[in-house]
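So the chains spell out like this:
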Amino acid sequence: MTTSEFGMHYAAPAAIEHPELVAYRSEFPILQRKTYLNSCSLGALSNRSMQGLAQFMEMWNEWGAHAWYEIWMGEIAKARQKFAAIIGAQPQEVAIAPSVSAALSSIATALDYSKRNNVVMADMDFPTLAYQWLVKERLGVECRFVESPDRIYTPPELFESKVDSKTALVATSRVFFTSGYIQDVRAVADIAHKHGAYILIDDYQGTGQIPIDVVKLDIDFVVTGTLKWLMGGPGLALVYIREELIPHLQPTIAGWFGHRGQFRFKTREFEFRDDAARIEMGTPAVAAIYAANGGLDIVREISVERICERTRFLTNDLIARAREHGWTVLAPQEPERRSSIVMLAFDHPEELVEALVGRDIITDSRPGLLRISPYFYNTLEENAIVIDAIAEMLESRK
């Protein structure tokens with residue numbers, strides 16, 4: 001038994017401490033100065049990513065525009081290959097985009113709504129997903145929403161009542177950003193495919209921290225990004241498109257990176273590339289590619305499976321500490337359905353977030369909820385620091 005400074009008795013979970021992963025803390029400068037528990041908003045910046053950014057600037061200074069042909073296109077290809085390896089895909093099934101919104105825009109215009117005009121989503125999905133199709137309602141697209149019964153779970157069987165022969169696409173998240181619930185996307189995929197619909201998974205809150213195999217899960221599209229658990233920062237989204245679907249996608253928005261003859265510079269003709277990159281638009285932000293490759297390397301080096309084991313250990317510990325105080329925790333009861341997003345229900349959580357910043361503790365909030373997200377580089381001691389700080393601040397509110 002251990003005792004916090006507030007006298008709360010707490011039994012630490014009987015699990016390994018993962019010393020080999022704690023050793024990675026030296027890779028992240030922010031961890032030397034802050035208690036950083038907000039990876040679900042922005043992953044910590046690694047030395048490798050900073051070195052990548054420095055290399056990008058050196059190449060720019062050394063080669064100028066010639067770096068495109070000799071170096072930068074190869075760096076972009078590496079990002080595709082690394083992401084493909086993480087999700088169990090092939091490099092030709094991977095495209096890049098400046099944001100998930102941009103990627104969704106391209107995919108959304110490639111679907112035929114003439115015979116199948118409804119799109120099914122969950123009301124707990126991140127709003128970006130819904131926005132793509134809500135703005136198309138004036139074009140005849142119908143948006144249907146599966147409602148969570150408790151704001152924690154969305155049971156897959158609830159999709160059954162919304163999906164029918166007129167459904168073009170089921171678009172939903174693997175991990176919900178307000179409860180951390182890991183959805184059974186294979187069950188949802190089976191429902192979609194039974195009715196002849198595609199399935200698209202927003203995996204921004206899953207990729208990097210929860211293992212995924214797109215083939216085993218029978219997924220048609222995945223959109224995600226490097227901002228959070230892949231530790232690559234903003235400016236790069238990653239897209240998976242099942243290989244057999246690629247030839248049938250004809251987006252009505254296009255750019256020269258999606259042209260089969262990109263460097264022929266033909267103004268009067270357009271022909272899509274044969275691979276997933278057909279949905280790509282203009283010149284990518286190469287600095288973001290270099291930063292992302294540093295984070296992707298760390299994830300592959302450790303493996304998502306080991307990361308998941310570590311983060312689940314920390315998440316379960318954090319939830320147990322919060323419940324010892326009697327706080328309301330919005331989280332799945334089953335540990336195997338929990339991601340590393342812990343939501344605590346408090347009045348005015350934004351005030352707590354600001355007060356925690358004053359103590360060099362970085363968290364986040366959503367309406368009515370304080371959001372804490374430990375990652376593999378965090379520790380049990382940091383869990384105790386944030387919980388004890390919250391308890392002290394709540395006591396001062398009385």
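Everything here concerns the structure above.
This text gives an overview of the structure that appears in the document. Small disclaimer: the values here were computed from a predicted structure and weren't measured.

### Let's talk about the sheet that holds strand E14 (residues 364-366)
- Taken in spatial order, the 4 strands make up an open sheet running E11-E12-E15-E14, and their pairing is antiparallel. One side of each edge strand has no neighbouring strand; the edge strands of this open sheet are strand E11 (329-330) and E14.
- Judged from the 4 bridges that link them, strand E12 (residues 342-345) and strand E15 (residues 369-372) form a sheet pairing that is antiparallel. The residue bridging Ala 345 from the neighbouring strand is Leu 369, located in E15.
- Together, E11, E12 and E15 form the strand contacts of helix H8 (residues 304-324), whose direction differs from that of E12 by roughly 10°.
- Docked against the sheet, helix H9 (residues 349-357) engages E14 and E15, running at close to 175° with respect to E14.

### Description of the packing of H8 against helix H10 (residues 380-397)
- Interhelical geometry of H8 versus H10 gives an angle of 30° and a closest axis separation of 10 Å. Taken together, the axes of H8 and H10 are roughly parallel relative to one another. The interaxial crossing formed by H8 with H10 has right-handed handedness. Counted together, Phe 313, Leu 314, Asp 317, Leu 318, Arg 321 and Ala 322 of H8 and Leu 380, Asn 383, Ala 384, Val 386 and Ile 387 of H10 form the full contact between these two elements.
- Looking at the contact of H8 with H10 residue by residue, the classes come out as 8 nonpolar, 1 polar and 2 charged.

### Examining a nonpolar patch on the surface
- Taken together, the side chains of Tyr 69, Trp 256, Phe 263 and Phe 265 define a hydrophobic patch exposed on the protein surface, amounting to about 480 Å² of accessible area.
- Structurally, Tyr 69 can be placed in helix H3 (residues 67-87).
- Residue Tyr 69 is classed as exposed on the basis of its relative accessible area, which comes to 58%.

### Quick word on the sheet that holds strand E7 (residues 167-173)
- The mixed open sheet is built from 7 strands, whose spatial order is E4-E10-E9-E8-E7-E5-E6. Edge positions in the sheet fall to strand E4 (94-97) and strand E6 (142-146), since each has one partner strand and no second. Averaged over all pairs of adjacent strands, the angle between strand axes in this sheet comes to 20°, irrespective of strand direction.
- When strand E5 (residues 118-122) meets E7, the two strands line up parallel, connected through 3 bridges. Directly across from Val 120, in E7, lies its bridge partner Val 170.
- The strands that helix H6 (residues 185-194) touches are E7 and strand E8 (198-202); relative to E8, the one it contacts most, it runs at about 150°.

Thresholds applied
- Residues numbered from 1 in each chain as written.
- Predicted model: local features only at pLDDT ≥ 70, side-chain atom pairs only at ≥ 80, totals over all residues.
- Heavy atoms only, no water.
- Pairing = 2+ DSSP bridges.
- Helix = DSSP H or I, 4+ residues; strand = E, 2+ residues; numbered from the N terminus.
- Contact = heavy atoms within 4.5 Å.
- Axes fitted to C-alpha atoms, helices over the stretch in contact; angles between N-to-C directions.
- Parallel < 35°, antiparallel > 145°, perpendicular 65-115°, else oblique.
- Left-handed = near helix turned anticlockwise from the far one by under 90°.
- Nonpolar A, V, L, I, M, F, W, Y, C, P; charged D, E, K, R; others polar.
- Patch = residues over 30% accessible without salt bridge, like charges linked within 9 Å, V, L, I, M, F, W, Y side chains within 5 Å.
- Areas by Shrake-Rupley, 256 points an atom, 1.4 Å probe, with all protein chains shown as cover.
- Salt bridge = Lys/Arg side-chain N within 4 Å of Asp/Glu carboxyl O.
- Buried < 20%, exposed > 50% of the residue type's maximum accessible area, 1.4 Å probe, protein only.

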